[in-house]
Amino acid sequence: MAFQGKKLINNPNGCSISISPFINVVTEYIEGLIETYPGLQYLDGFPEVKVVLRADVSSATYDKVAIISGGGSGHEPAQAGFVGEGMLTAAICGEVFASPQVDSILAGIRAVTGPKGCLLIVTNYTGDRLNFGLAAEQAKSEGYKVETVIVGDDCALPPTQGIAGRRGLAGTILVHKVAGAAAAAGLSLNEVAAEAKYASEIVGTMGVALSVCTLPGQVTSDRLGPGKMELGLGIHGEPGAVVADLQPVEVVVSYVLKQILSQETNYVPITRGNRVVLMVNGLGGTPIMELMIAAGKAVPQLQLEHGLAVERVYTGSFMTSLDMAGFSISIMKADDAILQRLDAATKAPCWPAGVDGNRPPAKIPIPLPLNRLTKSDEMMSRPLQLSEQGQILEAAIEAAANAIINLRDDLNEWDSKVGDGDCGSTMYRGATAILEDMKKFYPLNDAAETVNEIGSSIRRVMGGTSGIIYNIFCTAAHAQLKANSQSVVTSKQWAEALEASIAAVSKYGGASAGYRTLLDALIPASAVLQERLTAGDDPITAFIQSSEAALAGAESTRHMQAQAGRSTYVSAEILASVPDPGAMAAASWYRAAALAIKNKLEPS
């Protein structure tokens, strides 16, 4: 069903509360643009004249070729966002999706064109060609030197489309950059025009839309239903070449690249072994995350499937279609001269200045702490002879991790009722990382450093609250154990380390007994362990009894009202149906470790 689109505007045509009834979205956009970027200014000729130009350029003094472009508004940041030294000298803004008037174009030419003349870069739409063409002829009759380059980089339409030809799309921005850099280098008008024309002939673009754009003040079209996408659309919301079912981005990118690079249609003169530039352009309603995903899929496909060397990647919104969801891909053939123009400095506010050819490797290894590097080298150079304590610690860690791995589904099920349903998966990641890292990094003969390494493993893979809580837990235990200089850690020292860990988690997490958290398992366990050791009980017996207290404490959380975490938003009735997942996880690994130590020291 069609609906009225929501817009943060005053009035699309005229606004009675504005100073002038002719102020509309385009004029107000220009006013905001100028306030944002002090290097830009506009001609005081609203409502008919809408020209953005460099504040440092005057036709009376400008000694370089002026580069002028423009077209309908609604494609921001194109074209006004690319006005600046090293790119456009002026941009002529029409109404939304409407070609600018001849008077506006003429005003722009007169304002910035000096004795070296101006180059008009025009997207291939009939209105733009006619209006810019007439303005060019009028300017020539007034004595200005004017050349024109038409950009038609669309690769969705058949190569022959009568006199209309291919539409001008986001590849135009790359042409702007090449022409602007050539002009800034001091080239003549003919030389600048030649470079711009060449750039326009080696770039191809194709777009994909997930939604139809909404013009200010108009009803949104329902042309695209749910689960559909449109391939090969134009930037004015006109229908594309194909409507298809929505596909994974990797499939969509593959289709677009094959269409642009098709040897049958010969849209662009790009063949295997060539160097290219890639532009992934958002159409106005696409998050940067999705654009980056598309770019990440496009580069390896260009390299591996099409045999091209990708020299530059530009990702962002360059030429949009109001609020349309989707993207376009532009591919330009590159050589040293083109790359030099693209890398040249510019003050145009919306050009991605951070992109250049100095590209280090995309991926580097994650740096490890110095102690890990040293221990890893030691373990690879000689077999590690485990002491009795090391063997016990290894058995306890392995049992605790496996207990969590086996409990994953139960933890997720409980958490789906009282949290966000991922407690088991999160703990599983930590447990599997611990088992993997123990083989490579853990100095099991050193109990304190082993606990520290467990914290490192958890920090690496466990996200959310659980990850940071267990990291704090291990860090506090490491500090407590480190304070004892003995090589063999006593039962009393382990009990003190557990107590210190609980205190740290309570201090930084804010929870304590009765809050329905993992502490409701660990606090009873610590209390019983301290009590039994003080009473002189056998350490193994004390540990087993404390693990039973941990299980009982975890089960008791069924009767608690949550005071921490997402469970605080859950009703008491639902909470009573399951124990706290975090408490059950803590009790499970603690119990498993206790039993493993008992089995190690008291084999049947």
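In the block above lies the structure referred to throughout.
None of these values were measured; they are calculated from a predicted model.

(A) Geometry of the overall build of the chain. Within the chain one finds 19 helices and 14 strands. Out of the 604 residues belonging to the chain, those deemed buried represent 50%. Relative to all contacts within the chain whose residues are 6 or more apart in sequence, the contacts with residues 24 or more apart total 73%. About 27200 Å² of surface is accessible on the chain, with carbon and sulfur atoms providing 55% of the total.

(B) Geometry of the packing of aromatic side chains. Counting across every chain of the model gives six aromatic pairs. Here Arg408 stacks its cationic end above the ring of Tyr428, 4.1 Å away from the centre of that ring.

(C) Quick peek at the packing of helix α17 (residues 539-556) against helix α19 (residues 581-601). The interhelical angle for the contact between α17 and α19, taken along N-to-C directions, is 160°, at an axis separation of 9 Å. Relative to α19, the element α17 is oriented roughly antiparallel. Crossing of α17 against α19: the hand is left-handed. Residues Ile540, Phe543, Ile544, Ser546, Ser547, Glu548, Ala550, Leu551, Ala554 and Glu555 of α17 lie in contact with α19, whose contacting residues are Ala583, Met584, Ala587, Tyr590, Arg591, Ala593, Ala594, Leu595, Ile597, Lys598 and Leu601. Partitioned by chemical class, the residues of the contact of α17 with α19 number 15 nonpolar, two polar and four charged.

(D) Region of interest: the sheet that holds strand β2 (residues 40-42). Pairing is mixed across the open sheet formed by six strands, whose spatial order is β2-β3-β5-β4-β6-β7. Two strands in the sheet have a free side with no partner beyond their single neighbour: β2 and β7 (146-151). Along the sheet, successive strands turn relative to each other by an average axial angle of 25°, direction set aside. Lying on the sheet, helix α4 (residues 171-184) is in contact with β4 (66-73), β6 (118-123) and β7; it crosses β6 at an angle near 175°. Contacts from helix α5 (residues 189-201) reach β4, β6 and β7, with the element oriented near 5° to β7.

(E) Main features of helix α10 (residues 388-406). Taking 1.5 Å per residue, 19 residues should reach 27 Å; α10 reaches 27 Å between its end C-alpha atoms and fits that length. Those residues of α10 not exposed but buried are Gln389, Gly390, Ile392, Leu393, Ala395, Ala396, Ile397, Ala400, Ala401, Ala403 and Ile404.

(F) A look at unusual backbone geometry. Cis peptide bonds are those with omega within 30 degrees of zero, and the linkage from Glu76 to Pro77 qualifies with 15°. Within the secondary structure layout, Pro77 lies in the loop between β4 and β5 (90-96). Ala78 connects to Gln79 through a cis peptide bond whose omega is -5°.

What counts and what doesn't
Residues numbered from 1 in each chain as written. Predicted model: local features only at pLDDT ≥ 70, side-chain atom pairs only at ≥ 80, totals over all residues. Heavy atoms only, no water. Helix = DSSP H or I, 4+ residues; strand = E, 2+ residues; numbered from the N terminus. Buried < 20%, exposed > 50% of the residue type's maximum accessible area, 1.4 Å probe, protein only. Contact = heavy atoms within 4.5 Å. Areas by Shrake-Rupley, 256 points an atom, 1.4 Å probe, with all protein chains shown as cover. Phe/Tyr/Trp six-rings, centres within 6.5 Å; stacked < 30°, edge-to-face > 60°. Lys NZ or Arg CZ within 6 Å of the ring centre and 35° of its normal. Axes fitted to C-alpha atoms, helices over the stretch in contact; angles between N-to-C directions. Parallel < 35°, antiparallel > 145°, perpendicular 65-115°, else oblique. Left-handed = near helix turned anticlockwise from the far one by under 90°. Nonpolar A, V, L, I, M, F, W, Y, C, P; charged D, E, K, R; others polar. Pairing = 2+ DSSP bridges. Expected span 1.5 Å × (residues − 1).

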